Amino acid sequence: MANTYSLPFMRLSPLRLKRFSTVEFPLLVFVFLMGIVMAWYVYQSGLTKALTDQSSHLNFSRLTFDSLTPGVSQLGFWPPLLHILMIPFVAVPLLYSTGLAGAFVLVPCLMICVFLLYRITLRLTKSETMGLVAGVLFVLNPYILYYSVTPMMEILFMTNLFAVAYFLLGWLDTGKLHTLLLTGLFITLACLSRFEGFLLLPIVGSIVLIELVRRRKKYAEMEALLILFGVLAVIGVFLVMLYSWVYGHNPLAFTGGDWLRDPAASLRPARFNLLNTFRDAMAASYYIIGQPLVVISGASFLGLLAVQHRRLQPYATLFVLGSPLIFVFIALYTGSITINVPELPPYNIFHNDRYSLTWLGFAVLAPILLFHEFERMTGARVWLHSFIRSLGRVLLGLLIIFMAYQFIRIVFIGHFDVIRRNFNSPVAAQIEVADYLKAHYTNGKVLSARVDNDPIFAAAGVPLNDYIYEGNYRYFDQVMKEPWFFAQWVIMHDPTKQRDDWAKQHEPVLRQWGDSKEFTQYYDLVLQNGERRLYKLNENHLLQAVKKRGYSVSTIPALNPALSNWNPSTVYATMREPQPIKLTAQELADSKGTVKSELLDFYWNRLKPDFENGYYLDENRKGNTESQSYAMMQALRVDDPETFDRVWQWTKTHLRRPDGLFAWKFTVDAAGRAVIDDSNSATDADTDMANTLLLAGQRWAKPAYIADAKPIIAGIWSRETAVSDSGRHVIAGNWASESGTLVINPSYFSPQAYRLFAQFDPSHDWQGVIQTGYQDLLAGSQLVESQKGKYMPPDWMQLDLSTNTYAPFSAKPGSLDVSFDAFRTLWRVAQDSTTSHDPAASSYLSKITAYDTEWNSDNRLCNLYIFSSTTDTCHFDMGSLAAPVSVWTVTNPSQAKSVLESFVFAPGELRLPNSSSFYEKSWYWFMLWQWSHTENANGITV
């Protein structure tokens, strides 16, 4: 008996071959050595990362632990098995940087492939020689060896494909359950290796069903077997779709989309064309497999069909091994992929040619099975059988010689010319960017879309956790809004060299910032090559912006690389948390009696955002007319005509409606153009802008401002006031007088402004608006008192025109809360009281006693009442401190001073609001301005 070598796992073999034969062991040693030599050769030739996808696979694996957001979300939308298997190897920096991590996974896979192909052939032909021929033909393919030593998916998929064929053949031969279950399991692993695996489920499922019918199994047994097999086989598809649903918000996200760059997307010559489909698939197969083997295998398969062998096993095996070719035909015909070789349009270059490699098992096995069938058919005729046997071995020997010649020609003469000339190779522009970063990068985040940039990621030497890309989700979305606060470097496409419509439409960094003047204020272009741009942060310009916004330099991630993992939910609050203004003893003494005008000027400069472009956007890149009007109000009071005019001109140009009012909610695109999110008006902002324009026109002798204010006043009268039986009411906006009700926001009521309007618009009864407004205010406060027990203005309410009765505003569940709307009402009424001395104003404020009660009873201050809250209704908010201070500046000035000393004037400093919101900062400023300019409080006239 020949020597044999025992392996424990071979006891699971469905083919009852429990030991390595003297043929198998040397064959596997030969394959292993070929893999090692090829890995060295490919690395020395600089081809380990010659294709963009190789860098992508390396990155996907390493990003699972080396990323700003590590974890399973970084596996990408390719089938994940290769990425998972490579994780321990890419963790070794040398294996990651060289790309050799793939060889550690795939060379063993190559050995398993050859072993399985040998065993399949041995089982079907009963010939060790034929098994050896199959293994040698397979491993002599140079591209099989190339893709076994580089991080690509083909060999891993073929390993699982061969395992499906191996165990299916075992089940067809023996009928044992575990072989059927293993078939299903390896279908799942094939689906997790490449998308071609998806076709195995219907093909193998059909074969199993046919065999069960042939064996005349009972229905219950057939049902049970199919369910057991199907559950195991479908897991792979389920996992891929589940991942796509969780991370791509679409279970079919893995099929591609706008994020997927395919250079042949608009040119698909094979789509819905059978002739071109066959032509393209065969043309690539000739290059990758070899034309003689392709032709011989096709003819052999037709010969086997003509023989009409009664056994299902050969055909089932060939259909499984040939399923990747069927997949390619379907993908080409439907336009899902394009395959190119230089002889074919549209690119005359190699593109996706490797799709033709995965059916090599079919190409190797088909002629071997045909020769075996001829031997079987001529077994009774000794001389003919001997002739056929000899002829077959001679032809197979010649085929081996040809494959060896092809191996030498492709590897040592052509030096993998097909790989070098592949469209999927990293381009010179990518290499140039990577080289620049390798030479100049020291620290900091790099903002870049990953699509089409993986070679840069893999070659630049920048730690992967220093990149910010789409897969970082919240981080990427946040950084894209204002990248200069977070990223030291920015990579984007550069479509100037050639027309690149895909990049203009789909590359997010280019689309957002490619034509932005704001972006170039903060970044210097350090490299441009017609296909890529590389920007470096201008720290001096950023420091100016940080100073203008009152940010703390030590909290800006772009300026402090140690802040590498900030919290996207709180980073702006941290950045915008102002440091207290340190005061001298004299300044502190002065501030307790009066907030000097120069201190308020300083305060405004610390609080205001950068209005250089004429608008304010919050951290979500949203703007509204409230912020625009607040900027104008504060700029007027600190005598800042430049900011005032810049804000007004932008607002007038971009937000004005045909009726003279303004669309209240907007965003701004990269070119600085307003994009209207809500075209309705907001009465408070329109009123504040008109009032401030009149005051600015008078103060700065600018008649144009007064002229600008008049159409706004006319629009307020016609669209933002409405008549009931009790008079003319201020309503919430142009939208607020529909369906027989008037929607009223008491904090929009601005009697001081209406008194000024009356001077410039005497044709309308603005005094009547004031009187009706105070009636509304009294009615709303009585409504809150009757339902909530506090005499306070509500956030919202509505007036029924048919009954002339007030009620909570039905569209807002918390309309009777006294919160971030209502507190402004008290400031506006206090402003009217201290300027016009209208008894209606002081009378109303005298009824607001809730603050006095709580402050005196337990020395706390509740300035917001959230009645709709399920827990505590009483809240203290520094940004809304304007409400009690405004009331007390009229009713109890010493109390106002005491509260400010407790919350604002700490020993030796003036505290600023701990908020990132310009809204809150503005109301903090309005509170201090009004208190310091109120006659009753400080003896200073306005």
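Residues numbered from 1 in each chain as written. Predicted model: local features only at pLDDT ≥ 70, side-chain atom pairs only at ≥ 80, totals over all residues. Heavy atoms only, no water.

Some points on unusual backbone geometry
Most of the time, phi is negative for any residue but glycine, and the peptide bond is trans. Its identity as a non-glycine residue notwithstanding, Y473 has a phi of 50°, on the positive side. Summarising the element assignment, Y473 is placed in the loop between β4 (467–468) and α19 (474–481). A positive phi angle is found at S739, which is not glycine, with a value near 60°. Structurally, the position occupied by S739 is in the loop between β13 (727–730) and β14 (741–744). (Helix = DSSP H or I, 4+ residues; strand = E, 2+ residues; numbered from the N terminus.)

Structural notes on the environment of T48
Checked against the element boundaries, T48 lands in the loop between α1 (24–44) and α2 (52–63). Its relative accessible area of 3% is what places T48 among the buried residues. For the pair T48 and P151, spaced 103 residues apart in the sequence, the C-alpha separation amounts to 7.9 Å. Contacts of T48, omitting those with residues within four sequence positions, involve V42, Y43, Q54, T98, G99, L100, V149, T150 and P151. (Buried < 20%, exposed > 50% of the residue type's maximum accessible area, 1.4 Å probe, protein only. Contact = heavy atoms within 4.5 Å.)

A short note on the sheet that holds β14
Sheet architecture is open: 3 strands sit in the order β14-β15-β16, paired in antiparallel fashion. Looking along the sheet, the strands with just one partner apiece sit at the ends: β14 and β16 (805–807). Going across the sheet, the axis of each strand differs from the next one's by a mean of 25°, ignoring polarity. As judged from the 3 bridges shared by strand β15 (residues 797–800) and β16, these two strands associate in the antiparallel manner. By the bridge assignment for β16, L799 is matched with Y806. (Pairing = 2+ DSSP bridges. Axes fitted to C-alpha atoms, helices over the stretch in contact; angles between N-to-C directions.)

A short note on the pairing of strand β5 (residues 487–493)
Of all the 7 residues making up β5, 7 are buried; the element is thus mostly covered by neighbouring parts of the structure. In terms of strand pairing, strand β3 (residues 445–447) meets β5 through 3 bridges, oriented parallel. The partner of L447 across the bridge, within β5, is V490. Strand direction decides the pairing type here: β5 and strand β7 (residues 532–537), joined by 5 bridges, are antiparallel. Along β7, the bridge assignment pairs M492 with R533.

Thoughts on the pattern of salt bridges
This model, assessed by the stated rule, comprises 27 salt bridges. Notably, a salt bridge pairs R828 with D688, separated by 2.9 Å at the nearest N-O pair. Taken together, the positions of R828 in helix α33 (residues 823–836) and D688 in helix α29 (residues 683–699) put the pair 140 residues apart, joining distant regions of the chain. Under the relative-accessibility criterion, R828 is labelled buried at 2%. Shared partners join several salt bridges into a network, and the residues in it are D53, E154, R194, E196 and R354. (Salt bridge = Lys/Arg side-chain N within 4 Å of Asp/Glu carboxyl O.)

Details of the environment of P367
Inspection of the secondary structure assignment puts P367 in helix α14 (residues 360–377). Excluding anything up to four places from it in sequence, P367 contacts I296, S297 and S300.

What to know about the packing of α33 against helix α38 (residues 918–932)
Direction vectors running N to C along α33 and α38 enclose 30°, while the axes themselves pass 12 Å from each other. As summarised for this structure, α33 and α38 are arranged roughly parallel, according to the angle between their axes. Crossing of α33 over α38 shows left-handed handedness. The residues of α38 that touch α33, namely those facing F823, R824, W827, A830 and Q831, are Y919, W923, F926, M927, W929 and Q930. A per-class count over the contact of α33 with α38 returns 8 nonpolar, 2 polar and 1 charged. (Parallel < 35°, antiparallel > 145°, perpendicular 65-115°, else oblique. Left-handed = near helix turned anticlockwise from the far one by under 90°. Nonpolar A, V, L, I, M, F, W, Y, C, P; charged D, E, K, R; others polar.)

Looking at the packing of aromatic side chains
Inspection of every chain in the model, using the stated rule, returns 59 aromatic pairs. Here F486 and Y572 contribute two aromatic rings whose centre-to-centre distance is 6.0 Å and whose plane-to-plane angle is 70°, an arrangement assigned as edge-to-face. Placement of the pair is F486 in the loop between α19 and β5 and Y572 in helix α24 (residues 571–575), with a sequence separation of 86 residues. Across this residue pair, the class does not change: F486 and Y572 are buried. Three or more aromatic residues link up through ring pairs in this structure, and these residues are Y630, F823, W827, Y919, W923, W925 and F926. Sitting over the ring of Y355, R194 keeps its end group 5.2 Å from the ring centre. The ring centre of Y469 lies 5.9 Å from the NZ or CZ of R450, which sits over that ring. (Phe/Tyr/Trp six-rings, centres within 6.5 Å; stacked < 30°, edge-to-face > 60°. Lys NZ or Arg CZ within 6 Å of the ring centre and 35° of its normal.)

A look at the sheet that holds strand β10 (residues 665–668)
Reading across from one edge, β9-β10-β11 is the order of the 3 strands in this open sheet, with antiparallel pairing throughout. Only two strands of the sheet have a single partner each, and these edge strands are β9 (622–624) and β11 (674–678). Across the sheet, the axes of successive neighbouring strands diverge by a mean angle of 35°, strand direction being ignored. Both β10 and β11 contribute to a ladder of 4 bridges, which runs antiparallel. Each residue of the ladder has a partner; that of T667, found in β11, is V675. The strands that helix α27 (residues 625–637) touches are β9 and β10; relative to β9, the one it contacts most, it runs at about 65°.

A word on α29
Count 3.6 residues to each turn of an α-helix, and residues three or four apart come out pointing the same way. Between its first and last C-alpha atoms α29 spans 24 Å; for 17 residues at 1.5 Å apiece the expected length is 24 Å, and the two agree. Of all the 17 residues making up α29, 14 are buried; the element is thus mostly covered by neighbouring parts of the structure. Just past α29, the residue A701 takes up positive phi, approximately 55°. (Expected span 1.5 Å × (residues − 1).)

Digging into a nonpolar patch on the surface
Where nonpolar side chains cluster on the molecular surface, the patch consists of I227, V231, I235, F238, L239, L242, W245 and V246 and spans about 730 Å² of accessible area. Structurally, the position occupied by F238 is in helix α11 (residues 219–248). (Patch = residues over 30% accessible without salt bridge, like charges linked within 9 Å, V, L, I, M, F, W, Y side chains within 5 Å. Areas by Shrake-Rupley, 256 points an atom, 1.4 Å probe, with all protein chains shown as cover.)

So, the side chain of N538
Within the secondary structure, N538 is located in the loop between β7 and α23 (539–549). At a separation of 3.2 Å, a polar atom in the side chain of N538 contacts the main-chain amide nitrogen of N540. Setting aside chain neighbours within four positions, we find N538 in contact with Y522, Y523 and D524. (Polar contact = N/O pair within 3.5 Å; in protein donor to acceptor, adjacent residues only side chain to side chain.)

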